Amino acid sequence: MVDKGQDARQLTPRPDQPRELVLAGEPQSASTAREFVREYVMKSERAVCEDYVDAIVLVTSELVTNSIRYGTEPGDSLMLRLHTHHGRTRVEVRDPVRRRPQQRPESHKRDRGRGLLIVDGLCHWGVDDAAFGKVVWAEVIAK
């Protein structure tokens, strides 16, 4: 039997410790990532405004969705890593494909392809090579 007090302490993030979540490379993982991020940031950064949390959730959703579409193949997984402290949150999404995301020119003819434009408008982001893939990261700062 699990002690509920111990369980609650495990869910409360420490400000100096990033949180990680392994996700399947399938579309429903974007929803799981959004829920995970919202809960984590709300518990870690209690004094921030809702717009800040919404921006982090949106950025995470875009990065995870891009990773699923372009950075995974059937059966692959990806890693979501978060670190938040004093109004600054770093979101990292690691996948097994080396191909880097490409920001497309804005177009009203396509139904998709605007994700990185949105991310670019909300935060600073970039890509780092990793063993067996890449890490796309973004840093959102509270205003």
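Everything discussed here concerns the structure shown above.
This structure is a prediction, so every number in the text was calculated from the model and none was measured.

S.K.: Would you mind showing me how to read the sheet that holds strand S5 (residues 133-141) here?
M.R.: What links the strands of a sheet is backbone hydrogen bonding, and the strands pair in either a parallel or an antiparallel sense. Spatially, the five strands line up as an open sheet ordered S1-S2-S3-S5-S4, and their pairing is antiparallel. A single partner strand is all that each edge strand has here, and the edge strands are strand S1 (19-24) and strand S4 (124-130). With strand direction ignored, the average angle separating the axes of adjacent strands in the sheet is 20°.

S.K.: Would you take a moment to explain the pattern of salt bridges for this structure?
M.R.: Two side chains carrying opposite charge are able to pair once their charged atoms lie near each other. All chains considered together, the criterion is met by ten salt bridges. Residue Arg90 pairs with Glu92 through a salt bridge whose shortest N-O separation is 2.7 Å. The partner of Arg100 in a salt bridge is Asp129, with the nearest N and O atoms 3.2 Å apart. With Arg100 in the loop between strand S3 (88-95) and helix H4 (115-122) and Asp129 in strand S4, this residue pair connects regions lying 29 residues apart in the sequence. Taken together, the shared-partner salt bridges in this structure form one network comprising Arg88, Arg90, Glu92 and Glu139.

S.K.: Hey, could you run me through unusual backbone geometry in this one?
M.R.: Backbone phi values are negative for most residues with the exception of glycine, while trans is the configuration of most peptide bonds. In this structure, His86 is a non-glycine residue whose phi angle is positive, near 50°. Relative to the helices and strands, His86 is located in the loop between strand S2 (77-85) and S3.

S.K.: It is not clear to me how the environment of Gln28 should be interpreted in this structure. Could you clarify?
M.R.: Considering the arrangement of structural elements, one finds Gln28 in the loop between S1 and helix H2 (29-44). Taking the C-alpha atoms as reference, Gln28 lies 9.4 Å from Thr65; in sequence the two are 37 residues apart.

S.K.: Looking at this structure, how should I read the packing of helix H3 (residues 50-70) against H4?
M.R.: Angle between the axes and distance between the axes are the two parameters that describe a pair of packed helices. Where H3 contacts H4, the two axes come as close as 10 Å, and the packing angle between them is 145°. The handedness of the crossing between H3 and H4 comes out as left-handed. Contacts between H3 and H4 involve Ala55, Leu58, Val59, Glu62, Leu63 and Asn66 from the first element and Gly115, Leu116, Ile118, Val119 and Leu122 from the second. Looking at the contact of H3 with H4 residue by residue, the classes come out as eight nonpolar, two polar and one charged.

S.K.: Before we go on, may I ask you to explain the nonpolar core in this structure?
M.R.: Within the largest apolar cluster, 30 residues are counted, with the highest numbers of intra-cluster contacts made by Val37, Leu63, Val64 and Leu80. Listing elements by their share of this core, those giving two or more residues are S1, H2, H3, S2, S3, H4, S4 and S5. Top contributing element to this core by residue count: H3, with nine residues. Every residue in contact with Val64, bar those within four places of it in the chain, is listed here: Leu23, Ser29, Ala30, Ala33, Leu78 and Val93.

S.K.: So what exactly am I meant to see when it comes to the environment of Gln103 here?
M.R.: For Gln103, the location among the structural elements is in the loop between S3 and H4. Along the backbone, Gln103 and Asp120 are 17 residues apart, and their C-alpha atoms lie at a distance of 9.1 Å.

S.K.: In this structure, what is going on with the pairing of S3? I would like to understand it.
M.R.: In the case of a regular strand, side chains alternate between the two sheet surfaces. Bridge analysis of S2 against S3 gives seven bridges, and the strand direction is antiparallel. When the bridges of S3 are listed, Thr84 appears paired with Thr89. Counted between consecutive antiparallel strands, the loop separating S2 from S3 contains two residues, among which His86 sits at a positive phi close to 50°.

S.K.: Help me understand the packing of H2 against H3, please; the structure alone is not making it clear to me.
M.R.: Close contact between H2 and H3 brings their axes to 9 Å; oriented N to C, the two are set at 150°. With respect to their mutual orientation, H2 and H3 come out roughly antiparallel. The way H2 lies across H3 gives a crossing that is right-handed. In this structure, H2 contributes Ser29, Ala30, Ala33, Arg34, Val37, Arg38, Val41 and Met42 to the contact, and H3 contributes Glu50, Tyr52, Val53, Asp54, Ile56, Val57, Thr60, Ser61, Val64, Thr65 and Ile68. Considered class by class, the residues forming the contact of H2 with H3 number eleven nonpolar, four polar and four charged.

What counts and what doesn't
- Residues numbered from 1 in each chain as written.
- Predicted model: local features only at pLDDT ≥ 70, side-chain atom pairs only at ≥ 80, totals over all residues.
- Heavy atoms only, no water.
- Pairing = 2+ DSSP bridges.
- Helix = DSSP H or I, 4+ residues; strand = E, 2+ residues; numbered from the N terminus.
- Axes fitted to C-alpha atoms, helices over the stretch in contact; angles between N-to-C directions.
- Salt bridge = Lys/Arg side-chain N within 4 Å of Asp/Glu carboxyl O.
- Left-handed = near helix turned anticlockwise from the far one by under 90°.
- Contact = heavy atoms within 4.5 Å.
- Nonpolar A, V, L, I, M, F, W, Y, C, P; charged D, E, K, R; others polar.
- Core = buried A, V, L, I, M, F, W, Y, C linked by side-chain atoms within 4.5 Å.
- Buried < 20%, exposed > 50% of the residue type's maximum accessible area, 1.4 Å probe, protein only.
- Parallel < 35°, antiparallel > 145°, perpendicular 65-115°, else oblique.

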